[in-house]
Amino acid sequence: MRISKWLVPSLYILFLMLPIYWLVSMSFKTTNEILRGFSLFPQEFTLENYAKIFSDPTWYWGYLNSLAYVSMNTVLSVAVALPAAYAFSRYRFLGDKHLFFWLLTNRMAPAAVFALPFLQLYSSIGLFDTYLAVALAHTLFNVPLAVWILEGFMSGVPKELDETAYVDGHSFPSFFFKIFLPTIAAGIGVANFFCFMFSWVELLLAKTLTSVAAKPIAAVMTRTSSTSGYELGLLAAAGSLTIIPGAIVIWFVRNYIAKGFALGRV
Amino acid sequence: MNKTVNQKAWFLVLPVIILVAFNAIIPLMTVVNYSLQETFGDNTFFWSGVRWYEDILHSPRFWASLGRQLFFTFTILFIEVPLGVAIALTMPKKGPWVSVCLVLMSLPLLIPWNVVGAMWNIFALPDIGLLGNWLNAVGFDFNFTRQTGDAWFTLITMDVWHWTSLVVLLAYAGLVSIPDAYYQAALIDGASKWKIFRFIQLPKMKRVLTIAILLRFMDSFNIYTEPKVLTGGGPGNATTLLSIDLDKIALGQFDLGPAGAMSLIYFLIILLTSWIFYTLMMRNEEQ
Amino acid sequence: MAKITLNDLRHSYMADPKVPADYALKKLDVEWRDGGAYALLGPSGCGKTTLLNIISGLLIPSHGQVLFGDRDVTKLPTDERNIAQVFQFPVVYDTMSVYDNLAFPLRNRGVSEDQVDKRVRIIAEMTDLTGMLKQRASGLSADGKQKISLGRGLVREDVNVIMFDEPLTVIDPHLKWLLRSKLKELHQRLGTTMIYVTHDQTEALTFADQVVVMKDGEVVQIGTPVELFEKPRHTFVGHFIGSPGMNIMPCNVKGGEVAVGGTAISVDNASALSGKSGAFELGVRPEFTTFAKSGLPVQISKVTDTGRSRIVDARHDGRSIKLLVEEGQLIPDGSAFLAFDKAHAQVYADGWLVE
């Protein structure tokens, strides 16, 4: 009974790790070795792929650019979502349920065709090829998600807390920042995580709205694969490195996530 | 919770509305505009009314893409949702392993989509990829770049690998929030494990499962990058899902009109389905 | 139905307990006769929930025995103990109707449908749920849901004991009284042993025939509500029960004579005092403290009007002594003297009643 309980999560995690292992092991091989044939472990272990990435500005700026706009987006999305989620959680107002659903509809359109209009829009306000452009564009799908998540957590906090605070003499801002936010800290952690995640992984809009200055790592990778043929080793190294920021983020919020899930109603 | 009526709440929601509407409405209007016009690629536009819509609804290509898309979406929903719930049920609720499990399971979600596609491409290559090599070694004739069945297999496995964890995380969140007293009461009432699942766990997970199903439905319907990088839509157009098809039409052929109309049709399909599903699920939530 | 015996019961949540503080429950020997209404009263953290879970089988004690009748059930799993429990917040099966909720424990045990129907209807009538049987359980108010929880416990005929873990916590104040009366009525009607855990003395004292007062994992006193009120055997009981609680002040004992700060006081247990030592305290309830022409000198500090009477806060030697004064009686201004009813004045040594 004990063992079978562990079996399922373990097998699942094994399944998840397998392609990742393959990617990482490939990053330590030369492209020649990869194309030559199949080998489970790198026969000729090499760090040249990573060396290339760390020494070439085009490569490492790709990572920094991505991190920049993702951080901006996360902060922005959660910041505007907080008051809105509070409103949905505590108040009834004209059109509130429809508004809530409308937010979700913004994830429903296929992105491909919208790439061009987005490009035109952001160019027209002079934001083409900036971090701000991608950060703003990503709020389209991240803000609704943040609102949904935060509203769920906020609804778990009874209104009596608010009322007690007002009776104690707090103004709304004072109550909100000193009392309410700490109570839903776990929910904020969860929302931050999901915003980071969806912004970090999104490729189409990020590529469309940038060209040189704010070029995300994903764009750098696709450029490589098309111009000089498939440099598989290099691609694998670049890909492996993209996993790291995500792993770090989730390591830091792991306690929030575990705790947040216990507290909130996501 | 007893919510008070307060129209001033609109001020709290205003930043969100402005931000989202800015990104949603203007591009949407542009696309609607395209869908009602015709262009010959030289930036002159002619009004064509609903012509594109009619064309599309009569086009075999559209129905083929839609068919493939529906098959894809429903297949992954049928796999990912039960699988995700099952895994969440077996995860530890407390203790030191919880964090480790959550972190490891979340990794696939944090990989940029083009890397996911590339990773699975390399992984499944017939001779030099880990999966491809092993499948061929045990006797399957596996080649996803040439054979339709293999391409679909790889595509679906990739998506399951990529997104099941989202369902797991959300289902786990729902499960963990069930107070112990419910399990204790069930013990006292003599309920079997199946009854506990059916009458306590599943109902309590309804809200999170709704979010999970909606998210997976919408995202899988619009999936673009991963299959594009994995198979490019091939072999032939065997795995050309709707977004890839749209891409070919819009940017490949620069037929903005039909592309615009198609994307709006798809948008409406998703909107309608989601709305129905959402309303059905949330019907009993008002307490 | 059986009498419940707790034999040398001790529990620690730690693997290797060394000092008394490691134990959530210190030594307990209690016997509850069949069919009684009992309360476990004590502040948060006193061990009452631990004790409840040991009796219901959700927890196995690290030491000692639990007996139902003559049967040792210490290690028996919950579903074999024939107990029922009502929790702090309503536990109902949301997707089922009220009827199905009540029928659930019976159906799980393979009872025939006509039997189930009969029992459900009887219990529904007892708990005033008959009109709502077809409704979805999730649509009821909090007190309705607690009634369903209660009903699920009553519906099985072989229940040894029903336990209540602070069941009125989420009930609206004006409905608490109704539900309390209903519980009392059901107890009288069915005669099942009921154990009611709470930190609210009103709930405990109005429900139970016998109250077990607990503090820090120990049983401090077991007695009827009247006994607890009139003769608390520990200062904690005196202080916890009654509103306001007992007045406790340090005193000196010399040669059988009791004095508080120089004033001699006659007490009920004077004869037991010879030869005893310890930190002596005098305990008298505000109800038995009155103004007099001579006695303990005090300064009147504050008067609070509670409607039915007034609570006077008097100060002696920096200590607060309270007394209850009826409507119409005069309260002296500034300084006064207090007298204590001898029959209800007791001396405690190190917290315990000297006898």
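The notes below deal with the structure included here. (Residues numbered from 1 in each chain as written. Chains lettered and ligands numbered in written order. Predicted model: local features only at pLDDT ≥ 70, side-chain atom pairs only at ≥ 80, totals over all residues. Heavy atoms only, no water.)

## Here's the deal with the overall build of chain B
Then comes step 1: Secondary structure summary: chain B contains 13 helices and three strands in total.
Then comes step 2: Judged by the C-alpha coordinates and their principal axes, chain B covers about 75 × 65 × 30 Å.
Then comes step 3: Across the 287 residues in chain B, those meeting the buried criterion constitute 59%.
Then comes step 4: Partitioning the intrachain contacts of chain B with sequence separation of at least 6 by distance along the chain shows that 65% fall at a separation of at least 24.
Then comes step 5: For chain B, the accessible surface area stands at approximately 11900 Å², while carbon and sulfur atoms represent 67% of it.
Then comes step 6: Across chain B, the centroid of the 18 positively charged side chains sits 13 Å from that of the 18 negatively charged ones. (Helix = DSSP H or I, 4+ residues; strand = E, 2+ residues; numbered from the N terminus. Buried < 20%, exposed > 50% of the residue type's maximum accessible area, 1.4 Å probe, protein only. Contact = heavy atoms within 4.5 Å. Areas by Shrake-Rupley, 256 points an atom, 1.4 Å probe, with all protein chains shown as cover. Lys, Arg positive; Asp, Glu negative; His and termini not counted. Charge placed at Lys NZ, Arg CZ, Asp CG, Glu CD.)

## Some remarks on the interface of chain C and chain B
Then comes step 1: Taken together, the contacts link 23 residues of chain C with 18 residues of chain B.
Then comes step 2: At the boundary of chain C with chain B, total buried surface from both sides reaches about 1700 Å², with 62% on carbon and sulfur atoms.
Then comes step 3: Interface area lost by chain C to chain B is led by Phe87(C), Tyr93(C) and Asn108(C), which between them contribute 25%.
Then comes step 4: Counting every contact that joins chain C to chain B gives two salt bridges.
Then comes step 5: The residue Arg152(C) makes a salt bridge to Asp189(B) at a minimum N-O spacing of 2.8 Å. (Buried area = accessible area lost by both parts, 1.4 Å probe. Salt bridge = Lys/Arg side-chain N within 4 Å of Asp/Glu carboxyl O.)

## Let's talk about unusual backbone geometry
Then comes step 1: In this structure, the amide linkage connecting Ser243(C) to the following residue, Pro244(C), adopts the cis form with an omega of 0°.
Then comes step 2: Mapped onto the secondary structure, Pro244(C) falls in the loop between helix H8 (235-240) and strand E11 (247-250).
Then comes step 3: Phi at Asp129(A) takes a positive value of approximately 65°, unusual for a residue other than glycine.
Then comes step 4: Structurally, Asp129(A) is set in the loop between helix H6 (111-124) and helix H7 (131-155).
Then comes step 5: For Asp129(A), a relative accessible area of 14% translates into the label buried.
Then comes step 6: One non-glycine residue, Asn82(C), lies in the positive phi region at around 55°.
Then comes step 7: Looking at where Asn82(C) falls in the secondary structure, it is placed in the loop between strand E5 (71-72) and strand E6 (83-86).

## Thoughts on the pattern of salt bridges
Then comes step 1: Inspection of every chain in the model, using the stated rule, returns 23 salt bridges over all chains.
Then comes step 2: Among the ionic pairs, Asp162(A) bridges to Arg90(A), the shortest N-O distance being 2.9 Å. Here the residue Asp162(A) occupies a position in helix H8 (residues 159-167), and Arg90(A) occupies one in helix H4 (residues 57-90), the gap between them amounting to 72 residues.
Then comes step 3: The closest approach of N and O atoms between Asp209(C) and Lys184(C), which form a salt bridge, is 3.7 Å. Of this pair, Asp209(C) sits in the loop between helix H6 (201-207) and strand E9 (210-215) while Lys184(C) sits in helix H5 (residues 173-190), and the two are 25 residues apart along the sequence.
Then comes step 4: The structure contains a network of salt bridges with shared partners spanning Asp8(C), Arg10(C), Lys27(C) and Asp29(C).

## A look at the packing of aromatic side chains
Then comes step 1: With the rule as written, the count across this model stands at 46 aromatic pairs over all chains.
Then comes step 2: Both rings, one in Phe142(B) and one in Phe153(B), keep their centres 6.3 Å apart while their planes meet at 85°; by these two values the pair is edge-to-face. Pair noted here: Phe142(B) is in the loop between helix H6 (130-137) and helix H7 (148-176) and Phe153(B) is in helix H7, with a separation of eleven residues, a long-range link.
Then comes step 3: Phe153(B) gets classed as partly exposed once you look at its relative accessible area, which sits at 43%.
Then comes step 4: One aromatic cluster in this structure is built from Tyr86(A), Tyr91(A), Tyr166(A), Phe172(A), Phe175(A), Phe176(A), Phe177(A) and Phe180(A).
Then comes step 5: Over the aromatic face of Trp52(B) sits the side chain of Arg51(B), whose NZ or CZ is 4.7 Å from the ring centroid. (Phe/Tyr/Trp six-rings, centres within 6.5 Å; stacked < 30°, edge-to-face > 60°. Lys NZ or Arg CZ within 6 Å of the ring centre and 35° of its normal.)

## Focus on the interface of chain A and chain B
Then comes step 1: Between chain A and chain B, the residue contacts involve 99 residues of the former and 96 residues of the latter.
Then comes step 2: Inspection of the chain A/chain B interface yields zero salt bridges.
Then comes step 3: Viewed at the interface, chain B and chain A are joined by 16 residue pairs in polar contact (both at pLDDT 80 or more).
Then comes step 4: Broken down by element, the side of chain A that touches chain B gets its largest block of residues, 15 residues, from helix H1 (residues 2-27) of chain A. (Polar contact = N/O pair within 3.5 Å; in protein donor to acceptor, adjacent residues only side chain to side chain.)

## Focus on the environment of Gly236(B)
Then comes step 1: Within the fold, Gly236(B) resides in the loop between helix H11 (225-230) and helix H12 (242-252).
Then comes step 2: For the pair formed by Gly236(B) and Pro112(B), sequence separation is 124 residues and the distance between their alpha carbons is 26 Å.

## Regarding the sheet that holds strand E14 (residues 263-265) of chain C
All names here are of chain C.
Then comes step 1: Across the sheet, three strands lie side by side as E12-E13-E14; this open sheet has antiparallel pairing. Single-partner strands in this sheet number two, and they are strand E12 (252-254) and E14. Between one strand axis and the next, the sheet turns through 40° on average, direction left out of account.
Then comes step 2: Pairing geometry for E12 and strand E13 (residues 257-260), over three bridges, is antiparallel. Note that in E13 the partner of Asn-252 across the bridge is Ala-259. (Pairing = 2+ DSSP bridges. Axes fitted to C-alpha atoms, helices over the stretch in contact; angles between N-to-C directions.)

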